[in-house]
Amino acid sequence: MIGYLDIILRLTIWFLLTSDLSSANIIIGVALALLLPRTHLHPAPLGDWLRALGETLRAIPQAYMEAFEMILRPHKYEDMTMEQVKPNRTPGLIFLDIFLITFTPKTIVLKYHQNGWYEVHWVRRRPK
């Protein structure tokens, strides 16, 4: 089951990058999703994938609220923080974490450190 989630994640990324749902592009996307190397780690539990899906759905309205807030009240200060990766994350879930942090307008992941940390850039209204 979890292997299917990895393939769905890869296909979703492919379709977002290409913006093309033609049959030829679907065939290419499926081929790439199956041919790309997989990690040999234990797959993430289904519960982790479902939590990540819930976080993704919550991030959409949050991104809109942050965008309107930045338009109405400009943010002039920047900050850098290091945030720890949640324990036992597979590469697919780490990618989703980075995507969610970067999806909201006030934050972007600048670097993922292999020892389990994200370097995050923040835009804030006032210094923290």
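Residues numbered from 1 in each chain as written. Predicted model: local features only at pLDDT ≥ 70, side-chain atom pairs only at ≥ 80, totals over all residues. Heavy atoms only, no water.

By the naming in an unreviewed UniProt entry, the protein chain goes by Na+/H+ antiporter subunit E and is assigned to Planktothricoides raciborskii FACHB-1370.

**A word on the environment of P61**
Defined as follows: Only DSSP runs of H or I covering at least 4 residues are called helices, and only runs of E covering at least 2 are called strands; the numbering of each starts at the N terminus. Each residue's exposure class comes from its accessible area (1.4 Å probe, protein chains only) as a fraction of the maximum for that residue type: buried when under 20%, exposed when over 50%, partly exposed otherwise.
Residue position: P61 is located in helix α3 (residues 46-72). Assessed through its relative accessible area of 43%, P61 is described here as partly exposed. On a C-alpha basis, the gap between P61 and T104 in space is 9.4 Å, while along the polypeptide they are 43 residues apart.

**Considering α3**
Here is the rule we go by: A helix is expected to reach a length of 1.5 Å times the quantity of its residues less one. To get the bend at any residue, fit one axis to the seven residues that end at it and another to the seven that begin at it, then take the angle between the two axes.
The end-to-end C-alpha distance of α3, which contains 27 residues, comes to 40 Å, matching closely the 39 Å that a straight helix rising 1.5 Å per residue would cover. At A59, α3 shows its strongest bend, of approximately 25 degrees, with the proline P61 following within four residues. Every buried residue of α3 is listed here: D48, W49, A52, A59, A63 and E66.

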